[in-house]
Amino acid sequence: MNGEKPGSPARLGSEPRNGGRIEELLTRADLEIGIEDHAQAVDRLMRLRGEKGLTRELRFAVDRRIAACLERLGRTDEARRVARSAIDGVPEGIDPHEQARCLLVAGKAALELGQLPEAERDATDVIRLLGEDALSEEAGSAQNLLGTVAFRNGRPDAARSRFEKALAIYRRLGDLQHLAGTYVNLGNLHKLRSDWERAAEHYQVAYYLGKTLGEGRVVAGAAQNLGIVLSKTGRYREARGFFERVLKLATETGDPVRVSRACLALAKVARAERRTTRARKLLESCTPIDRSGLPERERCLLLLESTRLDLEDGLLEPAVPRAAELRLRVEAMAPRGDLMVETLLLEADMAALGEDWDAVAEAASQAKELAREDRDRSQEERAHQRLARAWAHAGRIGEAESALAGLIERHRSRKEWPAVATAWFASGRISAAVKGDFEAALEAFEHAVEIYRKIDLPRAEALVEAEQVAVLIRLGRHVEAIERIDSLRRSASDPEDPFPGLADRLANLTEGMTAVGPPERIDRPDGLQVHERLEAMLAAPGSAWERLHEVLVLLRDALEVDTVVLGEVEEGERLAPVGAVGLETIDGKGPISFERLGLVASDLSGPSYRLELEPASAGRVGSRILVPMTLRGRPHLLCLLRRPDRGRGPVGRAEANYAMVLAAELNRALEVGSPDQEAARLSSGIALADVITQDPRMQQILELIRRVGDTDLSVLLQGETGTGKKLLAHALHRASGRRIRPIVTVDCAALPESLLEAELFGYRKGSFTGATQDRNGLLAEAAGGTVFLDEIDKAGLTVQRRFLHLLDSGEIRPVGATTYLRLDVRIVCATSSPDLRKEVAEGRFLKDLYYRLNDISIQIPPLRERREDIPLLAGCFVETFTEQTGRKIRGMSAAFRRALVSHDWPGNVRELEKAIRRAVTLADDDIILTPEL
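Residues numbered from 1 in each chain as written. Predicted model: local features only at pLDDT ≥ 70, side-chain atom pairs only at ≥ 80, totals over all residues. Heavy atoms only, no water.

**Here's the deal with the overall build of the protein**
Part 1 of the argument: Secondary structure summary: the protein contains 41 helices and 14 strands in total.
Part 2 of the argument: Counting over 933 residues, the protein shows a buried share of 51%.
Part 3 of the argument: Restricting to contacts in the protein with at least 6 residues of sequence separation, those with at least 24 account for 63%.
Part 4 of the argument: Split by element, the accessible area of the protein, about 43,000 Å² in all, is 50% carbon and sulfur. (Helix = DSSP H or I, 4+ residues; strand = E, 2+ residues; numbered from the N terminus. Buried < 20%, exposed > 50% of the residue type's maximum accessible area, 1.4 Å probe, protein only. Contact = heavy atoms within 4.5 Å. Areas by Shrake-Rupley, 256 points an atom, 1.4 Å probe, with all protein chains shown as cover.)

So this is what it looks like as structure tokens:
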């Protein structure tokens, strides 16, 4: 059959042919099928089929098994033909369950081939054959098949109903293997609705059921879907791990369809990382099968991805015929499914490359309509984003901006970070190309850069930065543009992993900058602004050495130079940089020779260095300012260099004097906060007010608390729940002169607005129902001390206005009172909101109050970003809880510590505290804590 050579009848027929022997051979084939040796089973069954004297019943049993093995081997077309042939010639008296198994093989093969009506017909025949209320594996498989067909046809409610029926059957049967497969199907439904968390829950159940059973196919299916869900939320590294597991399992079991799907998924991850060379290699060489043997759907998906890679590299010429071929094949196979939506989105992107916005709108509109029919939210929103760009270019800017703003909010709420970044990128392009609002474009691009940085996609980040460079050129800020281009070139110059998209973009930007001529003069900050900014930088927590780069950038901008180098003078006429900005303009790497800077040894002779104002020698660096500095007893030199080819004259005496003043401030700050002193300060593990830490950022926060503790500045503490905001508020109180007075804590989220107002400000008798006597509020109780307002963003606007009045005037008015009371309190606030500015922008928080509370803002890092604190805190909690409970715990095992450090602790220190309390409570006396606790 189909090229398979039957075995020799003479060899098999040397013994009497009877039912017992055939049954024995069938049993052997079933054993091979059971251990997933499907190729060997097919070979045995094909030889058996060549036996003479097979009854019709036995021939049906053999053909049913051959079809099942072919389907498992990915030879789907053959599988369907064999199964349908067996069904069409089924003899009378065959067990209905045996017929049902053959119908299911035919139906599954039809599904893989994209023949949805045929698959539905086969599954319906199984239900009709066995009965609607049948309780068997075959009945559950038929319900699953009908659910999958409904899912593919865009009928999720019908699909869910079928999957739930299958779940009920498998639960009653105790069939864990098929139960796992059904959980995968339900996960697919949630994935369709972009409910990634629920989808992941179902896939996780299926994954662990498969691992428990040792079922490779179940594990592979769940792992593939888990990888897809993780990709949607930007967790590409974890996703790649799951896809690689699928590839390994599929290769070991000889499952060509899963091999293809795993390779395709890995290629998509590589494309998201903008590593198109790697993605092409995956598509071309990681699929150890002949693609012509793949189901049509898989071949279309591979063609789609190849075309997308062409677009990613800007190769429109090969992409056009591929897209045309894809369209024809998808129309023939499934003209209204998810593949057609993907094809239309591809066509919209191709039209956008050619700036044919009418074609973009047409393709995106069709895709959106089909996705809506299928109730596929993710595809619908991707189409909507493309429509927004088309609307903007058609003059419908308001609609476009509103659409993108809505998409950003929805993606953010579902933590779809790659989609959020893409929407911000589209918004930036509209601002730059359509509105001409370049500042808004820079801001939108910066949002995209931050997200790509957060999810660790440096190449995507670089492409967005290239668009920022284009905007900087339009604004005439060529110095910044040149520096960014020089930096980005290094990202594009990896010969082993080329980045053609970025390299081509940078080449175009460089040509464009040359074409527009000399840059406009940049408005630099005036002297007062520079001094204020420098003072703020040097007064921030930590040492000036940690902000040296920021300070040097400020000097560069203030003096309009191209390069700033602070270096230690070494023997042998060299300068060892300790900080630099724009060093690439003089090709500096490692210690810089005096010759490279245009210096000679005599420039540094005498009790102080000469202030150099003349053009540098050989025209290498234009003109320069040299400022001597002595740091930690060693001679240092601050060099400010201006190139001659940027449309500016040489530096002058006024700029040199200005540089001397700024350098003197920097010199003092660096001497006070030398790295040696800073290292000594950070060596302590337990710091102010019982705050246990050895993290440098937390140490900086504590140092800031020491500095501002004795002032009346308002302090805003920002951080996730459980990071220790309340502890730091108490530390502020104890660091102040108010420590002898009370600190009152108010949880603004715990009370409704009307009750919160009365509790805080007090009330007068008769001011409302139940006010039977005068009562002072919590603020009055804290007179002379500190008020800590936790979750300040949850206070209503009425309470916020009262706080604003208190901060402005130092007065409060109890509810129902007609006069104000003077009150001396210090306000410390806290919020777990990621960004109060968003609350301000949306009208939920008063803008004036935000700025009034924000005298000092402290961002507390989550525990996952200061993992070195975890063992320290855990040790303290173990000691505390063993003392409280009277237990005898000998300490923590190395594995216990590793488990603690590797966990992300979304609940931060509070979650860690509860985990240790639980471990101590569950542990026996006189043991070392281990991870299972």
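**What about the sheet that holds strand S11 (residues 826-831)?**
Pairing between the strands of a sheet comes from backbone hydrogen bonds, and it takes one of two forms, parallel or antiparallel.
Part 1 of the argument: The parallel open sheet is built from five strands, whose spatial order is S7-S8-S11-S6-S12. Edge positions in the sheet fall to strand S7 (743-747) and strand S12 (856-859), since each has one partner strand and no second. Taking each pair of neighbouring strands and ignoring which way they run, the sheet shows an average axis angle of 15°.
Part 2 of the argument: With four bridges connecting them, strand S8 (residues 786-790) and S11 associate as parallel partners. (Pairing = 2+ DSSP bridges. Axes fitted to C-alpha atoms, helices over the stretch in contact; angles between N-to-C directions.)

**A look at the confidence of the model for the protein**
Part 1 of the argument: When pLDDT is averaged along the protein, the result is 79; 82% of the residues meet or exceed 70.
Part 2 of the argument: Within the protein, the element-level pLDDT minimum falls on helix H1 (residues 9-12), averaging 28, and the maximum on helix H18 (residues 338-353), averaging 92.
Part 3 of the argument: Of the regions scoring below 50 in pLDDT, residues 1-19 engages in 21 contacts with residues more than four places distant in sequence or in other chains.
Part 4 of the argument: Note that pLDDT drops below 50 for residues 674-689; the model gives that stretch 36 contacts with residues more than four away or on any other chain. (pLDDT = per-residue confidence, 0-100.)

**Quick word on a nonpolar patch on the surface**
Part 1 of the argument: Nonpolar side chains collect at one region of the surface, where Leu316, Val320 and Leu353 lie side by side and expose about 240 Å² of accessible area between them.
Part 2 of the argument: Here Val320 is to be found in helix H17 (residues 316-333).
Part 3 of the argument: Note on Val320: relative accessible area 44%, which makes it partly exposed. (Patch = residues over 30% accessible without salt bridge, like charges linked within 9 Å, V, L, I, M, F, W, Y side chains within 5 Å. Salt bridge = Lys/Arg side-chain N within 4 Å of Asp/Glu carboxyl O.)

**Some remarks on the pattern of salt bridges**
Part 1 of the argument: Summed over all chains, the structure comprises 59 salt bridges.
Part 2 of the argument: Here Arg84 and Asp88 are joined by a salt bridge, their closest N and O atoms 3.2 Å apart. Of this pair, Arg84 and Asp88 both sit in helix H5 (residues 76-88), four residues apart, which is roughly one turn of that helix.
Part 3 of the argument: The exposure class of Asp88 is exposed, given its relative accessible area of 61%.
Part 4 of the argument: Of the charged contacts, one joins Asp338 and Arg297 as a salt bridge, the two residues approaching to 2.8 Å between their closest N and O atoms. Placement of Asp338 in helix H18 and of Arg297 in helix H16 (residues 296-312) is noted, with a sequence separation of 41 residues between them.
Part 5 of the argument: For Asp338, a relative accessible area of 26% translates into the label partly exposed.
Part 6 of the argument: Each of Arg64, Arg65, Glu98, Arg101 and Glu138 takes part in a single network of salt bridges with overlapping partners.

**Structural notes on the state of the cysteines**
Two cysteines joined by a covalent bond between their sulfur atoms form a disulfide.
Part 1 of the argument: Summed over all chains, the structure comprises zero disulfides.
Part 2 of the argument: The thiol sulfur of Cys748 is not disulfide-bonded, and the nearest other cysteine sulfur, from Cys829, lies at 7.4 Å.
Part 3 of the argument: Given the relative accessible area of 0%, Cys829 is considered buried. (Disulfide = S-S within 2.5 Å.)

**Brief notes about helix H28 (residues 548-559)**
Part 1 of the argument: Taking 1.5 Å of rise per residue, the 12 residues of H28 would be expected to cover 16 Å, and the 17 Å separating its terminal C-alpha atoms lies within 8% of that figure.
Part 2 of the argument: What H28 keeps buried is the set Leu548, Val551, Leu552, Leu554, Leu555, Arg556, Ala558 and Leu559.
Part 3 of the argument: Positive phi shows up at Glu560, right after H28, with a value of about 50°. (Expected span 1.5 Å × (residues − 1).)

**Quick notes on the packing of aromatic side chains**
Part 1 of the argument: Counting across every chain of the model gives five aromatic pairs.
Part 2 of the argument: Between Tyr207 and Tyr208 the ring centres are 5.5 Å apart and the planes differ by 80°, which places this aromatic pair in the edge-to-face class.
Part 3 of the argument: Classification of Tyr207 by relative accessible area gives buried; the value is 5%.
Part 4 of the argument: Ring centres of Phe761 and Phe803 lie 5.8 Å apart, and the angle between their planes is 50°; on these two criteria the pair is classed as tilted. (Phe/Tyr/Trp six-rings, centres within 6.5 Å; stacked < 30°, edge-to-face > 60°.)

**Some details on the side chain of Ser231**
Part 1 of the argument: Checked against the element boundaries, Ser231 lands in helix H12 (residues 216-232).
Part 2 of the argument: Not counting chain neighbours up to four residues away, the residues in contact with Ser231 comprise Tyr236, Ala239, Phe243, Val269 and Pro418.

**Remarks on the side chain of Glu98**
Part 1 of the argument: Residue position: Glu98 is located in helix H6 (residues 96-112).
Part 2 of the argument: Of the polar contacts made by the side chain of Glu98, one reaches the side chain of Arg101; its length is 2.8 Å.
Part 3 of the argument: Ignoring any residue separated from it by four or fewer positions in sequence, one finds Glu98 in contact with Phe60, Ala61, Arg64 and Arg65. (Polar contact = N/O pair within 3.5 Å; in protein donor to acceptor, adjacent residues only side chain to side chain.)

**Remarks on unusual backbone geometry**
Part 1 of the argument: In this structure, Arg274 is a non-glycine residue whose phi angle is positive, near 65°.
Part 2 of the argument: Within the element layout of this structure, Arg274 appears in the loop between helix H14 (256-272) and helix H15 (276-285).
Part 3 of the argument: The backbone of Asp456 shows a phi angle near 60°, a positive value even though the residue is not glycine.
Part 4 of the argument: Along the chain, Asp456 turns up in the loop between helix H23 (438-454) and helix H24 (458-474).
Part 5 of the argument: Judged by relative accessible area, which is 44%, Asp456 ranks as partly exposed.

**Focus: the pairing of S8**
Part 1 of the argument: Taken across its five residues, S8 has four buried, putting it largely inside the fold.
Part 2 of the argument: Looking at chain direction, S7 and S8 are connected through five bridges and run parallel. For Asp747, the partnering residue across the bridge sits in S8 and is Asp790.

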